[in-house]
Amino acid sequence: MIGYIIRKFIGSKNDRDVKRLRPIVAKVVELEATFQNLTEADLQKKTADLKARLSQITDKDELARALDEALPEAYAMVKNACRRLCGREIIVRGHPLKWEMVPFDVQILGGIGLHQGKIAEMATGEGKTLVATFPVFLNALTGRGVHVVTVNDYLAARDSEWMGAVYRLLGLTVGCILHDQSPEVRRQQYNCDITYGTNAEFGFDYLRDNGMASRVEEQVQRGHYFAIIDEVDSILIDEARVPLIISGPAVVHQDSKYAEIKPAIESLVRNQQRLCNRYLDEAEELTKKLGASDAEVANNRQAIEDQIGTLLYRVKLGQPRSERLMRLLEDPENLRRMTKIDLELHGDQSKKALYREKEELFFAIEEKSHEADLTEKGRQFLSPNDPDAFVLPDLITAYHEIDQTNADLKTRMQQKAKVQQVFEGRAEQIHSISQLLKAYCLYQKDVQYVVQDNKVIIVDENTGRLMVGRRWSDGLHQAVEAKEGVEIERETQTFATITIQNYFRLYTKLAGMTGTAETEAGEFWDIYKLGVLVIPTNRQVARKDKHDTVYKSKREKYAAVLKEIQTIHAEGRPILVGTISVEVSELLSRMLSKAGIPHNVLNAKQHEREAEIVALAGQRGAVTIATNMAGRGTDIKLGPGVADLGGLHVVATERHESRRIDRQLRGRCARQGDPGSSHFFVSLEDDLMRLFGSDRIGKIMEKVGLEEGQELEHPLLNRSIETAQKRVEQHNFQMRKRTLEYDDVMNKQREVIYGFRNEIMRAEDVRDRLMDVMEEVVIQKITLNTTADTLPDDWDLRALTDWVNLNFVLAINEEELRKVADSGKETPVEGSIYDGLNPAQFAVCTFLQDQIREAYKIKISYENPEVLARIERYTILSAIDKLWQEHLYNMDSLRHSIGLRSYGQRDPLIEYKAEAFKMFEELMVSIKSEICHNIFRSASSLMAFEQFLQNLPKRMQQLEVSAFGPGHSTTANAPTGGSDVVSEVSQEVSKAKPVRTGPKVGRNDLCPCGSGKKFKSCCGKTL
Ligand SMILES: Nc1ncnc2c1ncn2[C@@H]1O[C@H](COP(=O)(O)OP(=O)(O)OP(=O)(O)O)[C@@H](O)[C@H]1O
Ligand SMILES: [Mg+2]
């Protein structure tokens, strides 16, 4: 209240911020007046001059200052361009559109906010599309490329064509990235001054450029200077939950266990249903008993109530989506009883009682956190003879016990490996079961997903759109496929991935706009350092928002919704009905059809017609059902006469988890000062109310004593519902933040790998870098295999010689190395790469490095230099890619197994970081090792390879069989001995494909050496 009074008198911080920008707006308006007698050519000359000046500046701060200075002039040019366009026809998405917009002052204001790197919150329909043109034009003058990010392809195309008129008039170029464009076309679009596109397209292009391209010419983006994100909340918050992933069939193949264990789980789920039904029977019995007026009951009233509450709570844990449970909870008494037990069980620190309740079931599901766990009872059911089959062994204790035995190191290692194997097998089994349980108990068809063409397709919970091609991770998708009996797709392998958050952090400057940012201001600031500036509307918003109406059950709620639609429809006003799932939109559609009301349905299943349906939604008598937020950003214009009737009426059938989404829906009506109204219908059975509603609402309902079909409406209720929403928002924010913390680890690693990759791709000649790699890896291997504080006599040189011979086609034996070691006198120079090695190690190191360099020189002399240069680059890149992809896979597994470790009271994030760091170090060594291994085994032709082998110095030619390592496939039946060796090696070569470092190449594919020719007519020719 006090806050309100203070604001009333001195204005909020936001008001002051806005006020501070007003003089700049005035300046723009004033300048624009003077531009009115210029010619178009004059304007274009101005653009050219400004661009020439601004694109020269390289210093970041200086550039920022120069842009601020140029702002009034550039903004005045944009406004003036709009004025000139008035009355002209522009073809947008194939239809002529008459330009009628001269920017309002508030739009210029919003444009200044965007230039300053803020989020401009402007109500829906205020014309944000036009607002963006100001900062886009100004910043494009730097020549560094400005990206405008939209929520879908349709809007990207629409806006680039529509706003393109302004940029072109001023003399700049505009491009647009669309889903089906070739790299060639994409590059052209990125080379424009301004590029429109969706976040997914921008993000995937980044991943392809940095994680997959093998030549600079294949890259399409040219940097990340400034991005303006339209519908910024939708992109940075809602979409940010699913990272961008480029994937393909798994390299590390995993057999799908889901189909195999499905029957067992199905019967487990059935048993649990039976069990829950028994609990519900009991609960009903007890409720009846309470109704009877006998003395025994009177004395034990509380105990009986608690018993009922406990039974209901068990069912909530065991079968959260049970219809019968919902029905029982319609009675506020029951709801109160259950909530009481819920609070008691969770209030207890030790959670012992909660644990006991779970053990009554076969498995327990935490609906809020989406977790499903088997209980002892469930384990007994699945594996009566060996219930331990689903218990994870305690690795640490097991290792400790093994170490206590007297066995030698090797035996102990073997034993540990065995335990580890059991651990992994079980962890995987437990994981599959838990995913299947979730698939059965939490994921509903037509709500979270739909089944189309024998495929499970995710439905975006916020927009209701089908997310074709995206898959739930971690096996969940396969579990749902198993449940639906559709074909289970192979586990996929991630080739490249990045979260939306980290993609947008690449930009030097970021800004965004939306109708709804304020509720998430905290998150925008925390994660993106984006402030929110609320821009006043051009004209007063004339929308009337009714209070929410609350019902006990969904049934009553839908009946009321239907009645409201009938009434308003009879008046001729258009109605937009928002639902939160496909299922509900279909239900309502059936109800409307029965009532004889013609209508359009806009949901995940038919979004192609989206823009068209939405555009018609403002016509007289139109009824449109849309899953929430479908149609964001598309313009609903009122038909003739509709404004006089009261404009568009929005009916919402549920409150969404997040207030922002509700506001968006409301904002579909009353655009640009039009009249309009909105009304939300809520029931106590809605997920939001069930999961996060406080018992306060239950109490209010109870006091009022609702009759069947009766409704409740009160400002206090609105507040309670908002509190519930705030709770969910907070919860979701914490989850997103957590995900991001995990991804930050990966993000750093990705930067290193992409940096390395880019260096190799851009370098004119990679041979120096290749030699460095060879030297580095030798040092690393020596440090791993020998110790500075023991004598060479005690070193186990076998592993080292095997490694050297295997990777470098040398033939060195242990004795020789030991001699070299013994002769070592010199200590390496401090600070050099050899620092830390003792003289013996140093001697071995330089000896091996010389040998390798020597061998490589021989190789060079027999190769076609041009081809070799390409092979070198390709070898390095493909080693990075192959191992990085494996690493991504391993990191995924780590991420999952770390979750299991959290049972051990340790912070999983810290464990994850430590382990990830170790894995990354190992990755870097493996990459280098792989490069060396492959480079000596790649050749432009078989002949070159043979010549190379034949011309190795005499001593080097004495290749032992072990040159290809112990257990190598050809060694088993290979004749040993001098002269046979070369042909042995060449068999090796002819068996494999020539450049054997990359993935399998088809004869008609482009040659992986990068020549641009077909494989069969390039490196594949000699085969
Ligand atoms: N200065 C202006 N003068 C007249 N009409 C305008 C002006 N600016 C925008 N409009 C009109 O307002 C309507 C809404 O514009 P736009 O779609 O850009 O709004 P928005 O703020 O992006 O809305 P949403 O939040 O739904 O995306 C369009 O029909 C557009 O032509
Ligand atoms: Mg818009």
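The preceding data block contains the structure.
Residues numbered from 1 in each chain as written. Chains lettered and ligands numbered in written order. Predicted model: local features only at pLDDT ≥ 70, side-chain atom pairs only at ≥ 80, totals over all residues. Heavy atoms only, no water.

Student: Residue-level account of the site of ligand 1, with values.
Tutor: Around ligand 1, 21 residues are found, and the nearest of them are Lys128, Thr129, Asp635, Lys637 and Arg671. The separation between an oxygen atom of ligand 1 and a polar side-chain atom of Thr129 is 2.4 Å. The contact in question runs from an oxygen atom of ligand 1 to an N or O atom on the side chain of Glu231, over 3.3 Å. In isolation ligand 1 offers 640 Å² of accessible surface; the protein chains occlude 90% of this area. (Near = heavy atom within 4 Å. Polar contact = N/O pair within 3.5 Å; in protein donor to acceptor, adjacent residues only side chain to side chain. Areas by Shrake-Rupley, 256 points an atom, 1.4 Å probe, with all protein chains shown as cover.)

Student: If you had to explain the sheet that holds strand E6 (residues 194-198) to someone new, which residues and values would you point to?
Tutor: Strand order in the open sheet formed by seven strands is E5-E6-E4-E7-E15-E3-E16, and the pairing between neighbours is parallel. Bordering the open sheet on either side are strand E5 (174-176) and strand E16 (532-534), each of which pairs with just one other strand. Between one strand axis and the next, the sheet turns by 20° as a mean value, whatever way the strands run. Pairing between strand E3 (residues 119-121) and strand E15 (residues 509-514): three bridges, direction parallel. (Pairing = 2+ DSSP bridges. Helix = DSSP H or I, 4+ residues; strand = E, 2+ residues; numbered from the N terminus. Axes fitted to C-alpha atoms, helices over the stretch in contact; angles between N-to-C directions.)

Student: Please set out the nonpolar core residue by residue, giving values where relevant.
Tutor: Core analysis: the biggest nonpolar cluster contains 104 residues, and Leu236, Phe504, Met774, Phe808 and Phe936 have the highest contact counts within it. For this core, the leading source of residues is helix H35 (residues 865-901), giving 13 residues. Each residue touching Leu236, except ones within four places of it in the same chain, is listed here: Ile229, Ile500, Phe504, Phe524, Tyr528 and Leu530. The next biggest cluster of nonpolar side chains, apart from the first, holds 63 residues, and it includes Ala81, Leu85, Trp162 and Ala165. (Core = buried A, V, L, I, M, F, W, Y, C linked by side-chain atoms within 4.5 Å. Buried < 20%, exposed > 50% of the residue type's maximum accessible area, 1.4 Å probe, protein only. Contact = heavy atoms within 4.5 Å.)

Student: Go over the packing of helix H30 (residues 715-762) against helix H36 (residues 908-935) with me, naming the residues and quoting the values.
Tutor: Taken N-terminus to C-terminus, the directions of H30 and H36 make an angle of 15°; their axes are 11 Å apart at the nearest point. As far as their axial angle goes, H36 and H30 are roughly parallel. Considering only the axes of H30 and H36, their crossing is right-handed. For the pair H30 and H36, contact is made by Arg738, Glu741, Tyr742, Val745, Met746, Gln749, Val752, Ile753 and Phe756 and by Pro908, Leu909, Tyr912, Lys913, Ala916, Phe917, Phe920, Leu923, Met924 and Ile927, respectively. Partitioning the contact of H30 with H36 into residue classes produces 15 nonpolar, one polar and three charged. (Parallel < 35°, antiparallel > 145°, perpendicular 65-115°, else oblique. Left-handed = near helix turned anticlockwise from the far one by under 90°. Nonpolar A, V, L, I, M, F, W, Y, C, P; charged D, E, K, R; others polar.)

Student: So, the pairing of E15: which residues are in play, and what are the values?
Tutor: With six of six residues buried, E15 is to be regarded as a mostly interior element. Burial along E15 is two-sided: the residues Lys509, Ala511 and Met513 and Leu510, Gly512 and Thr514 are all buried. Of the pairings in the sheet, the one linking strand E7 (residues 226-230) to E15 comprises five bridges and is parallel in character. Bridging from a neighbouring strand, Ala227 pairs with Leu510 of E15.

Student: Give me the side chain of Glu305: which residues, what numbers.
Tutor: By the element assignment, Glu305 lies in helix H13 (residues 301-318). Among the residues examined, Glu305 registers a relative accessible area of 9% and is labelled buried. The residues contacting Glu305, other than those within four sequence positions of it, are Leu290, Glu333, Arg336 and Arg337.

Student: Could you give an account of the packing of aromatic side chains, naming the residues involved and the relevant values?
Tutor: For the structure shown, the criterion picks out twelve aromatic pairs. Relative to Tyr507, the ring of Tyr503 lies with its centre 5.6 Å away and its plane at 85°, an arrangement referred to as edge-to-face. The pair Tyr503 / Tyr507 is uniform in exposure class, with both members buried. Seen from their ring centres, Tyr742 and Tyr912 are 4.8 Å apart, and the 65° between their planes marks the pair as edge-to-face. Taken as a pair, Tyr742 in helix H30 and Tyr912 in helix H36 lie far apart in primary sequence, 170 residues in all. Note on Tyr742: relative accessible area 7%, which makes it buried. A relative accessible area of 3% means that Tyr912 is categorised as buried. Here the aromatic cluster, defined as three or more aromatic residues joined through ring pairs, consists of Tyr206, Tyr503, Phe504, Tyr507 and Tyr754. Sitting over the ring of Phe362, Lys377 keeps its end group 5.5 Å from the ring centre. (Phe/Tyr/Trp six-rings, centres within 6.5 Å; stacked < 30°, edge-to-face > 60°. Lys NZ or Arg CZ within 6 Å of the ring centre and 35° of its normal.)

Student: So what about the pattern of salt bridges? Which residues, and what values?
Tutor: If you walk through the whole model with that rule in mind, you get 60 salt bridges. Between Lys51 and Asp193 there is a salt bridge whose closest N-O contact spans 2.7 Å. You can see Lys51 sitting in helix H3 (residues 40-54) and its partner Asp193 sitting in the loop between helix H8 (183-190) and E6, a full 142 residues away along the chain. When its relative accessible area of 26% is taken as the criterion, Lys51 is described as partly exposed. Residues Arg818 and Glu814 are paired through a salt bridge, measuring 3.8 Å at the closest nitrogen-oxygen approach. Residue Arg818 and its partner Glu814 are both found in helix H33 (residues 814-823); the two are separated by four residues, about one turn of the helix. Classification of Arg818 by relative accessible area gives buried; the value is 13%. (Salt bridge = Lys/Arg side-chain N within 4 Å of Asp/Glu carboxyl O.)

Student: Give a description of the sheet that holds strand E13 (residues 466-467) that names residues and reports values.
Tutor: Strands belonging to one sheet form pairs held by backbone hydrogen bonds; the direction of such a pair is parallel or antiparallel. If you trace the three strands from one edge of the open sheet to the other, you get E11-E12-E13, paired in antiparallel fashion. Where the open sheet ends on each side, the last strands, each with one partner, are strand E11 (449-452) and E13. As judged from the four bridges shared by E11 and strand E12 (residues 455-459), these two strands associate in the antiparallel manner. Residue Tyr449 lies in a different strand from E12, and its bridge partner there is Ile458. The strands touched by helix H20 (residues 476-484) within the sheet are E11 and E12, with E12 carrying the most contacts at an inclination of about 125°.

Student: Report on unusual backbone geometry, specifying residues and quantitative values.
Tutor: Although it is not a glycine, Asp446 sits at a positive phi angle of roughly 70°. Following the sequence through the fold, Asp446 ends up in the loop between helix H19 (409-441) and E11. With relative accessibility at 17%, the residue Asp446 sits in the buried group. Here Ala670, not a glycine, exhibits a phi torsion of approximately 60°, which is positive. With respect to the helices and strands, Ala670 occurs in the loop between helix H27 (659-666) and strand E23 (675-683).

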